[in-house]
Amino acid sequence: MSYIKKPSARNPSLKPNALGLTVRDYEGVMSTLCAGCGHDSITAAITRAFYELDVPPHMVAKLSGIGCSSKTPTYFLSGAHGFNSAHGRMPAILTGASAANRDLTYIGVSGDGDSLSIGLGQMAHAIRRNVDALYVLENNGVYGLTKGQFSASADPGSKSKYGETNPQQAMDPVLLALSLGATFVARSFSGDKSQLVPILKAALAHRGFALVDVISPCVTFNDHEGSTKSYRYTRQHDQEVVEADWIPPDFVPPAGEITADYAAGTSADVTLHDGSVVRFTKIPEGYDPGDRDAVVSYVRRKRTAGVVPTGLLFLDPGGSEMHAANRTVATPLAQLPYESLCPGAAALDALQRSYR
Amino acid sequence: MVNRFAFKLANVNGTGSASANSLLMQAIFRMGIPVSGKNLFPSNIQGLPTWYEIRVDRDGHTARTARFDLMVAMNAETYEADIDEVRPGGWVLFDSSWPLKPSFLRTDVTFLGVPYANICIENFGAARERTLMKNIVYAGTLAALLDIDMDVVQGMLAEKFGAKPKLMASNAKAIRLGYDYAKEHFACPLPIRLEAMDTTADTILINGNTAIALGALYAGATVAAWYPITPSTSVLDAFKELCEEYRVDPETNERRYCILQAEDELAAIGMVIGAGWNGARAFTATSGPGISLMSELVGLAYYAEIPAVIVDVQRVGPSTGMPTRTQQGDILLCAYASHGDTKHLLLFPGNPEECFHFTARAFDLAERFQAPVFVLSDLDIGMNDWVVPRLTWDDSYRPDRGRVLSREDLEALPKYHRYSPEDWQGVAARTLPGTSSKGAFFTRGSGHNKHGGYTEDPDEYREVMDRLARKHWTARNFVPPALIETRPNASFGIVTVGSCDLAVREALAELAENGLMGDYLRVRGFPFGPEVESFLRRHDRMFVVEQNRDAQLRSLLTLETGVAKAQLFSVRAYGGLPLQADQVVREVVHQIRETEKERPA
C-alpha cells in the first residue's frame, strides 16, 4: 500500500549514475496495484530509463489522468512533482504545464480508457500540437478500477472475464497516432523490459510528442482465455518488427563491444535534437521507420495477420514541437521577470491615444 | 433637445454599417459629449437585420434607452417595426431610391428621404463599394442633421485611411455627398442636435473585452488557453494583438507568451490549470456554455488549490441560448461551479475600466488564494464601446504570487508538506515543479490529507475541506468591495451588479425626482464583504436588480448572508438587451405601490 514506507536501507552494490543517484532514487512509493500487474513492470522500466538518462528527478513533471495506470506516477520518481488529474484531461494539463515551463521533462501516464475513450480528443490534440512529452499508454483492453468492462482497445471477438464477447471494433493507438501526425510512435509489451527501456529513453530524448503504447496485461480482469491482451496471447503474438536502441550523445563504445547485429536485416541511425542517436537494427526488408504511410500500411497488414507488431515503429526527428512552432523564448514563461512582461504606465498612456 | 436624445440605425449585417456607426459614435465622443453605443447584432455573418443604438445625454445617463428620437431605416425588411419604434414627433431617415410602402407611413413623425442607392450608383463603381459607401453617405447626412462637427469626422477619416489615399478619397466624397444632400433638402440641424462639451477630455472609448486583455497583459499573464465563443472571443483577439505588440523580442522574434487555441473548453481550462500549477499566470476567456464544460476541472483547481483566472463574458442562456445577446445568467453557476462542495471567488466589473483593474487583480487573488477566480463580465460590457476614465497603471505594482517556496526556503525546512501549515488566511505554501526534490509533492483531485497524501479517512478529509471553507471566507476582505452610494432619507435600497450600473443610477435619480429616495449598492466581489452585510442589515426593503430570470444575485445574497428573503424584492430584465432605467423605475414604483396596498389602512 502506498502508505507503507519502502525500506530506506542503501544497497552498496547499486551503481550510481552520473548524478550520483542510484536506481532507488528514481523509485516512488509501493504500488497498490494487483500483484503481477503489467503496469508495475512499466513503472520499473520508466524508473530505469530516467536513472540511466541521468535526469535530475526534480526536473521531471509526471502527470496522469484517472484509472489504474494513472495511479502509477506515485510509484516512480518521488523526487518529481506529480499530478494525478481528472479522467481523460491529463493531456491538456500537461500541455499547459509545458507551456509554462519548457525546461522540465514531461511524462504523461495514461490508460486505454483514459486515452481512447473519455480523453481521446485531448490525446489527439496533444499529438497535433506536438507537445514535447513522453506519453505512455498502458494498454490492457479493459476497465480495471470499475471491474472488467471492455475498453475501446478491446479487440472485436475477444472475451471478457464474464464470458461476454466484444462486438465492437478496436481502436489502435499506434495507427491513430500515425494518422494524427505523431512524430514518435512505438509499441512495446510490459513483459519485455529489454525492448521497452531503450524505447522510453529514445522517447525522452525525442523533442516532441512521443507515444509509447505498451500492452500491459490486467491480471485480474483480462488475463484469461479469449482475451487478446493477456500475457499468454501477447507473448504468442508480439512480434518485434523493428529493433531500436538509443545511444547517448557522448557515448564511446567500450572496446570489444558488439554494437549492432546487421545480419537479419538492414540498419539505420537517426540523430535526435540533443545529438543522441536512435540506432535501428533488424529493420525488415522494405520497412522505413521514417515513412509514415508505409508504416501505417505495414502495421495494418501485420494486424490483419493477427500479429501485434512492436518496436519503435515511426520516428520523425524533424517535427516542430509546440514551443518551436510558437517561437517561445528560451527562458520558461513561468520564470520571466515581471518587468519583461508589463509594458508599464507610459506605454498604457501612449496606447490609449488610439482609444480616443 | 441639445445633447439629449437617442437614435437608432437599422442595417443589414455584413454590409459595412458597423464602421460607419462607430464612426458616428466616436465623433460624438470626440465632441466631448457623454455618449454610448449599443450594437444589437444577430448570430450570423451576412444578411440578417442588425441595429446600432446611440444615446447622448449631457448629464451622463448613457444606459440603453428604448425611446428613439430618430430612426435611420436602412433595412427595408425591418422598416415597419423600425418606424414603429420612433417616438411621436420624431424623425425617420430612409433610402428614398424606392418609394416607402404607404402603410408604413406615420403622420406623427417626419420622414426624411435621401436616395442613397441612387447616389451611390451615380458616384461609385463596383457593387461592393456602392454597398459600403452607402453607410458613409448616411453618416454624412447625420452629420448635417445632428450638427456633428465635420472637422472631427474628416480628421477621423484621415486617421483611418491616411495611408490609403484611394479609400480616403472615396470616404471623404461619400461623407460630403450625404452632408450636402441634407443641407440642400432639409432644415439642418434638427431640434435634436449636438453641441460640443468638455466632459470626455480625460476619458477613452473602449470595450470590456479589450480592457480585460489589457488587464491580463499588465498583470503579467503569459499563458492563455481558450476556445472561440461569442461574446468572449475578442478578449483573446485583443490579448494576442497586445502580446504581438509588447511581448515579442524585436531581435530574436521570440515570444514571451504562449496562446493556445484549445480543442474545447475542457482542454482550455486544463491548460490554464497546468500552467498555473507550473507557476505561470494563466487565464481563459469564455462564456456560459464554456463554463458548463469547464466545471469539472474548476473543481479540481479548487480542491487541489491551483491558481486559475477564468473570464466569463456572459451571454443569454440556457443552452446555446442567444449568443449575441446579453445576460447575467451565470452568477450561480460560477459561484458554485463543479460537483461536491465548491465555492469560488467572483469579481463583477461594471464597466471596461473595472474590467481592466479587476482582471489584473484576479491574478493576484488566484495566486494568493491558490484558487480559481472568475471575472464575470457580459456581452454589453464586453462588446460595446463605453466611455470610461483613462486607464491608469501604477508602475510600482508587483504581482502578488502568494505563498511559493523557493529552493532556499525549502532547504531551511525540516520537511515540506503541500497543505500545511496554513497561514491566517487558510493558505499553505506551494512549490513549483523544477524547484527541488525536497518540495516535490503529488497533486491530486482525489481525497487528500493536510499533508497532500491520499486519504479516505473522514477526519482527514474534513480537515482539508474545512480549511478550504476558511480560506474562501477570508477572501471576502480581498475581493473588490461593493460600491455604495447613499441618499439622505432613503426609504429603500437597490442592490445590483455588473452592467446594470448605469441604468440603476439613472433610475435612482429619476425616482429621487419623484420623491422616492433610494440607496445604492453594486456588488463587485464574492464572497460578499462585510460592507454588503451591513448594507443589507441597514435596509428593510431592497430591490435586487439583475439581468436573469431566476434572481440569481438575490439567491446568492440570501444563501450567503444573513439577510431575510422578505427584505429583498426582485427586479429582473432578461430579454437579452441591455438594461434600461425605465424598466427599473417602473418595477420599483409598482412594487412599492403593491406593498403599500397590502398595509392595513
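Enquirer: Is there a simple way to explain the interface of chain B and chain A in this structure?
Expert: The accessible area lost on association of the parts is a frequent measure of interface size. Contacts between the two partners involve 71 residues from chain B and, on the opposite side, 58 residues from chain A. For the pair chain B and chain A, the two sides together bury roughly 5,200 Å², of which 60% comes from carbon and sulfur. Taken together, the links from chain B to chain A amount to four salt bridges. In this structure, the salt-bridge partner of Arg-129 of chain A is Glu-263 of chain B, at a minimum N-O distance of 2.8 Å. At the junction of chain B and chain A, the tally comes to 33 residue pairs in polar contact (both at pLDDT 80 or more). Of all elements in the fold, only helix H1 (17–30), strand E7 (203–207), helix H7 (208–219), helix H8 (233–246), strand E9 (258–261), helix H9 (265–277), helix H10 (288–304) and strand E15 (442–444) of chain B reach the threshold of two or more residues within the side of chain B that touches chain A.

Enquirer: Explain the environment of Gln-370 of chain B here, please?
Expert: Residues and elements named next belong to chain B. Summarising the element assignment, Gln-370 is placed in the loop between helix H12 (352–369) and strand E13 (372–378). It is 24 Å that separates the C-alpha atoms of Gln-370 and Val-532, two residues lying 162 residues apart in sequence. If near-sequence neighbours (up to four positions away) are discounted, Gln-370 is found in contact with Ala-301, Glu-305, Ile-306, Pro-307, Leu-365, Arg-403, Arg-418, Val-427, Ala-428, Ala-429, Arg-430 and Lys-471.

Enquirer: What should I look at first to understand helix H7 (residues 193–205) of chain A in this one?
Expert: All names here are of chain A. An ideal rise of 1.5 Å per residue puts 18 Å on 13 residues; H7 measures up with 18 Å between its terminal C-alpha atoms. Counting buried positions over the 13 residues of H7 gives eleven, a clear majority of the element. Looking only at H7, the buried set comprises Gln-195, Leu-196, Val-197, Pro-198, Ile-199, Leu-200, Lys-201, Ala-202, Ala-203, Leu-204 and Ala-205.

Enquirer: How should I be thinking about the sheet that holds strand E12 (residues 345–347) of chain B in this particular structure?
Expert: Two orientations exist for strands paired in a sheet by backbone hydrogen bonds: parallel and antiparallel. Residue and element names in this part refer to chain B. The mixed open sheet is built from seven strands, whose spatial order is E9-E8-E10-E11-E13-E12-E19. Two strands lie at the open edges of the sheet, namely E9 and strand E19 (525–526), each paired on one side alone. Where strand E8 (residues 223–226) lies against strand E10 (residues 282–286), two bridges are found, and the strand directions are parallel. Counted as the bridge partner of Ala-224 is Phe-283 from E10. Along the sheet, H9 contacts E8, E9, E10 and strand E11 (308–314); its crossing angle with E10, the most-contacted strand, is approximately 160 degrees.

Enquirer: Which parts of the structure should I look at to understand the pattern of salt bridges?
Expert: As a working rule, side chains carrying opposite charge can pair if their charged atoms are close by. The full count for this structure, using the stated rule, is 48 salt bridges over all chains. Residues Glu-27 of chain A and Arg-24 of chain A are paired through a salt bridge, measuring 2.9 Å at the closest nitrogen-oxygen approach. The partner of Arg-549 of chain B in a salt bridge is Asp-550 of chain B, with the nearest N and O atoms 2.8 Å apart. Several salt bridges converge on common partners, so that one network encompasses Glu-354, Glu-485, Asp-501, Arg-505, Arg-522 and Arg-524 of chain B.

Enquirer: Honestly, the sheet that holds strand E2 (residues 35–40) of chain B in this entry has me stumped. Any pointers?
Expert: All names here are of chain B. Strand order in the open sheet formed by six strands is E2-E3-E1-E4-E5-E6, and the pairing between neighbours is mixed. Because the sheet does not close on itself, it has two edges, and the strands there are E2 and strand E6 (110–114). Each strand of the sheet is rotated relative to its neighbour by a mean of 15 degrees, with strand direction disregarded. When strand E5 (residues 86–95) meets E6, the two strands line up parallel, connected through five bridges. Looking across to E6, one finds that Asp-95 is bridged to Val-114. With respect to the sheet, helix H3 (residues 116–123) is in contact with E5 and E6, its orientation differing from that of E5 by roughly 25 degrees.

Enquirer: How should I be thinking about the packing of aromatic side chains in this particular structure?
Expert: To describe a pair of aromatic rings, one takes the distance between the centres and the angle between the planes. Following the criterion strictly, the structure yields 22 aromatic pairs over all chains and no others. Ring geometry for Tyr-287 of chain A against Tyr-298 of chain A: centres 4.7 Å apart, planes inclined by 80 degrees, an arrangement best described as edge-to-face. In this pair, Tyr-287 of chain A is assigned in the loop between strand E11 (277–283) and helix H9 (292–304) and Tyr-298 of chain A in helix H9, connecting sequence segments eleven residues apart. Overall, Tyr-287 of chain A belongs to the buried group, its relative accessible area being 8%. Owing to a relative accessible area of 12%, Tyr-298 of chain A belongs among the buried residues under this scheme. Measuring from ring centre to ring centre gives 5.8 Å for Phe-356 of chain B and Trp-393 of chain B, while their planes differ by 65 degrees; the resulting arrangement is edge-to-face. Taken together, the residues span a long stretch of sequence, with Phe-356 of chain B in helix H12 and Trp-393 of chain B in the loop between strand E14 (385–389) and helix H14 (407–411) at a distance of 37 residues. Pairwise contacts between aromatic rings join Tyr-338 of chain A together with Tyr-218, Phe-356, Trp-393 and Tyr-397 of chain B into one cluster.

Enquirer: Please clarify how the pairing of strand E7 (residues 184–189) of chain A should be interpreted in this entry.
Expert: Every other side chain in a regular strand lies on the same face of the sheet, so the side chains alternate between the two faces. All names here are of chain A. A large share of E7 lies buried, amounting to six of its six residues. Side-chain alternation along E7 places Phe-184, Ala-186 and Ser-188 on one buried face and Val-185, Arg-187 and Phe-189 on a second face that is also buried. Sheet topology places E7 next to strand E8 (residues 209–215); six bridges connect them, and they run parallel. Each bridged residue has a counterpart across the sheet, and for Ser-188 the counterpart in E8 is Val-214. For the crossover that starts at E7, traverses H7 and ends in the parallel E8, the hand is right-handed. Taken together, the four bridges between E7 and strand E12 (residues 308–315) define a ladder with antiparallel strand orientation. Its bridge partner being in E12, Arg-187 is matched across the sheet by Gly-311.

Enquirer: What should I look at first to understand the side chain of Gln-552 of chain B in this one?
Expert: Residue and element names in this part refer to chain B. Position of Gln-552 relative to the elements: it lies in helix H18 (residues 552–560). Polar side-chain contacts of Gln-552 include one of 3.1 Å to the backbone nitrogen of Ile-331. Setting aside its immediate chain neighbours within four residues, Gln-552 contacts Gln-328, Gly-329, Asp-330, Ile-331, Leu-332 and Glu-546.

Enquirer: Which parts of the structure should I look at to understand the nonpolar core?
Expert: One recurring pattern in soluble globular proteins: nonpolar side chains tend to sit buried together. Judged by nonpolar contacts, the single largest core of 141 residues is most densely connected at Phe-184 and Val-212 of chain A together with Val-495 of chain B. Once residues within four sequence positions are removed from consideration, Val-212 of chain A is found in contact with Leu-134, Tyr-135, Val-136, Leu-137, Phe-184, Ala-186, Leu-196, Ile-199, Leu-200 and Ala-203 of chain A. In terms of nonpolar packing, the next biggest core, distinct from the first, is built from 57 residues, Ile-206, Ala-213, Val-309 and Val-427 of chain B among them.

Enquirer: Sorry, what's going on with the packing of H7 of chain B against H12 of chain B here?
Expert: Two quantities define a packed helix pair, namely the angle between the helix axes and the distance between the axes. Residues and elements named next belong to chain B. Between H7 and H12, whose axes approach to 7 Å, the crossing angle comes to 30 degrees. Read as a crossing pair, H7 and H12 show a hand that is right-handed. Of the residues in H12, those in contact with Gly-208, Ala-211, Ile-212, Leu-214, Gly-215, Ala-216, Tyr-218 and Ala-219 of H7 are Pro-352, Cys-355, Phe-356, Thr-359, Ala-360 and Phe-363.

Enquirer: Just checking my understanding: could you explain the environment of Tyr-416 of chain B for this structure?
Expert: All names here are of chain B. Its location among the elements puts Tyr-416 in the loop between H14 and E15. Put simply, Tyr-416 and Glu-353 are 63 residues apart on the chain and 42 Å apart in space, counted from C-alpha to C-alpha. Those residues in contact with Tyr-416, other than ones at most four positions away along the chain, are Leu-405, Leu-410, Ala-429, Arg-430, Thr-431, Lys-438, Gly-439 and Phe-441. Here the side chain of Tyr-416 touches Ala-429 through a polar contact of 2.8 Å, landing on its backbone oxygen. Of note is the side chain of Tyr-416, whose polar atom sits 3.5 Å from the backbone nitrogen of Thr-431.

Enquirer: Where do I start with the confidence of the model for chain B in this structure?
Expert: Low pLDDT means the predicted coordinates in that region are not meant to be read closely. Per-chain confidence: chain B averages 96 in pLDDT, with 100% of residues scoring 70 or above. Our summary of model confidence lists the complex with pTM equal to 0.96 and ipTM equal to 0.96.

Enquirer: I tried to follow unusual backbone geometry on my own but got confused; where do I start?
Expert: Excluding glycine, residues mostly carry a negative phi; peptide bonds, for their part, are mostly trans. Residues and elements named next belong to chain B. Residue Pro-189 is reached from Cys-188 by a cis peptide bond, and omega for that bond is -5 degrees. The residue Pro-189 is located in the loop between helix H6 (165–185) and E7 in this model. A positive phi is found at Ser-338, a non-glycine position, where the angle reads about 100 degrees. Summarising the element assignment, Ser-338 is placed in the loop between helix H11 (331–335) and E12. What makes Ser-338 buried here is its relative accessible area of 16%.

Enquirer: Got a minute to help me understand the side chain of Asp-330 of chain B in this structure?
Expert: Counting through the fold element by element, Asp-330 of chain B comes out in the loop between E11 and H11. Apart from residues no more than four positions distant in its own chain, Asp-330 of chain B is found in contact with Ser-287, Gly-288, Asp-312, Gln-314, Leu-376 and Gln-552 of chain B.

Enquirer: What exactly am I supposed to notice about helix H5 (residues 150–161) of chain B here?
Expert: At 3.6 residues per turn, the α-helix brings residues three or four places apart onto the same side. All names here are of chain B. In this model H5 runs 16 Å from its N-terminal to its C-terminal C-alpha over twelve residues, within 8% of the 16 Å that 1.5 Å per residue would give. Along H5, the residues classified as buried are Met-150, Val-152, Val-153, Met-156, Leu-157 and Phe-161. An end-on view of H5 places all buried positions within 160 degrees of arc, on one side of the element. Among the exposed residues of H5, those pointing more than 90 degrees away from its buried face are Asp-151 and Glu-159. In this structure, the buried side of H5 is in contact with H1, helix H4 (127–146) and H6.

Basis of the calculations
Residues numbered from 1 in each chain as written. Chains lettered and ligands numbered in written order. Predicted model: local features only at pLDDT ≥ 70, side-chain atom pairs only at ≥ 80, totals over all residues. Heavy atoms only, no water. Contact = heavy atoms within 4.5 Å. Buried area = accessible area lost by both parts, 1.4 Å probe. Salt bridge = Lys/Arg side-chain N within 4 Å of Asp/Glu carboxyl O. Polar contact = N/O pair within 3.5 Å; in protein donor to acceptor, adjacent residues only side chain to side chain. Helix = DSSP H or I, 4+ residues; strand = E, 2+ residues; numbered from the N terminus. Expected span 1.5 Å × (residues − 1). Buried < 20%, exposed > 50% of the residue type's maximum accessible area, 1.4 Å probe, protein only. Pairing = 2+ DSSP bridges. Axes fitted to C-alpha atoms, helices over the stretch in contact; angles between N-to-C directions. Phe/Tyr/Trp six-rings, centres within 6.5 Å; stacked < 30°, edge-to-face > 60°. Right-handed = clockwise from strand over helix to strand, strands pointing away. Core = buried A, V, L, I, M, F, W, Y, C linked by side-chain atoms within 4.5 Å. Left-handed = near helix turned anticlockwise from the far one by under 90°. pLDDT = per-residue confidence, 0-100. Arc of directions from axis to C-beta.

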